[in-house]
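Overview (structure and organization)
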Amino acid sequence: VKLVATLNLVDLAGSESVKNTGAIGRRRREATKINQSLLTLSGVITDLGKAGKGGRSFVNYRGAKLTMILQSSLSGNARMAMICCATPSGAYTTETKSTLQFASSAALVKTSAAANEVN
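Because the structure is predicted, anything quoted here is derived from the model rather than measured.

Remarks on the overall build of the chain
Looking only at helices and strands, the chain has four helices and two strands in total. Considered along the principal axes of its C-alpha atoms, the chain spans approximately 55 × 30 × 25 Å. Residues counted as buried form 24% of the 119 residues belonging to the chain. Look at the contacts in the chain between residues 6 or more apart in sequence, and 63% of them connect residues 24 or more apart. Looking at charge distribution, the chain has the averaged site of its 15 positive side-chain charges lying 5 Å from that of its 6 negative ones.

Describing helix α3 (residues 65–74)
In an α-helix, one full turn covers 3.6 residues, which means residues spaced three or four apart are oriented alike. For α3, the full list of buried residues reads Leu 66, Thr 67, Leu 70, Ser 73 and Leu 74. Viewed end-on, α3 has its buried residues packed into an arc of 100°, placing them on one side of the element. Of the exposed residues in α3, those oriented more than 90 degrees away from the buried face are Lys 65, Ile 69 and Ser 72.

A few points about the nonpolar core
A general tendency of soluble globular proteins is for nonpolar side chains to be buried together. Counting twelve residues, the largest nonpolar core is built from Leu 41, Val 44, Ile 45, Leu 48, Val 59, Tyr 61, Leu 66, Leu 70, Leu 74, Phe 102, Ala 106 and Val 109. Put simply, the parts of the chain that give this core at least two residues each are α2 (25–52), α3 and α4 (93–106). Beyond its immediate stretch of four places on either side in the chain, Leu 66 contacts Val 10, Leu 12, Ser 37 and Leu 41.

Observations regarding α4
The end-to-end C-alpha separation of α4 is 20 Å, in line with the 20 Å expected for 14 residues at 1.5 Å each. Of the positions making up α4, those classed as buried are Thr 96, Phe 102, Ser 105 and Ala 106.

Description of the side chain of Thr 96
Mapped onto the secondary structure, Thr 96 falls in helix α4. With relative accessibility at 16%, the residue Thr 96 sits in the buried group. Among the polar contacts made by the side chain of Thr 96, one reaches the main-chain carbonyl oxygen of Thr 87 at a distance of 3.2 Å. Dropping the residues within four chain positions of it, Thr 96 is found in contact with Ala 86 and Thr 87.

Rules and cut-offs
Residues numbered from 1 in each chain as written. Predicted model: local features only at pLDDT ≥ 70, side-chain atom pairs only at ≥ 80, totals over all residues. Heavy atoms only, no water. Helix = DSSP H or I, 4+ residues; strand = E, 2+ residues; numbered from the N terminus. Buried < 20%, exposed > 50% of the residue type's maximum accessible area, 1.4 Å probe, protein only. Contact = heavy atoms within 4.5 Å. Lys, Arg positive; Asp, Glu negative; His and termini not counted. Charge placed at Lys NZ, Arg CZ, Asp CG, Glu CD. Arc of directions from axis to C-beta. Core = buried A, V, L, I, M, F, W, Y, C linked by side-chain atoms within 4.5 Å. Expected span 1.5 Å × (residues − 1). Polar contact = N/O pair within 3.5 Å; in protein donor to acceptor, adjacent residues only side chain to side chain.

Have a look at this one:
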């Protein structure tokens, strides 16, 4: 009998507003993709939080590659920890508010971890 585990580490650095960073070209496209993935992840986290409170039972993970990869970690037999960073800078007030709302939704997600055994 072997115990099996998976660890997912995701760094969403670069999710700042493009207008504040002045990114152009490839960096702008990358920031746009990161923001799209983060928006999808936020929707999944919100739906999971509602499902834990007797709300919606269907969660759409297919909106982004990130959420499809994280599906097994977010939706069941897992322990989940999230670190959300915010800045006190007034230039990023909207991003900070959004980050805190995301963290609040993530706190509502309920998972139940159990040992995975493979024969």
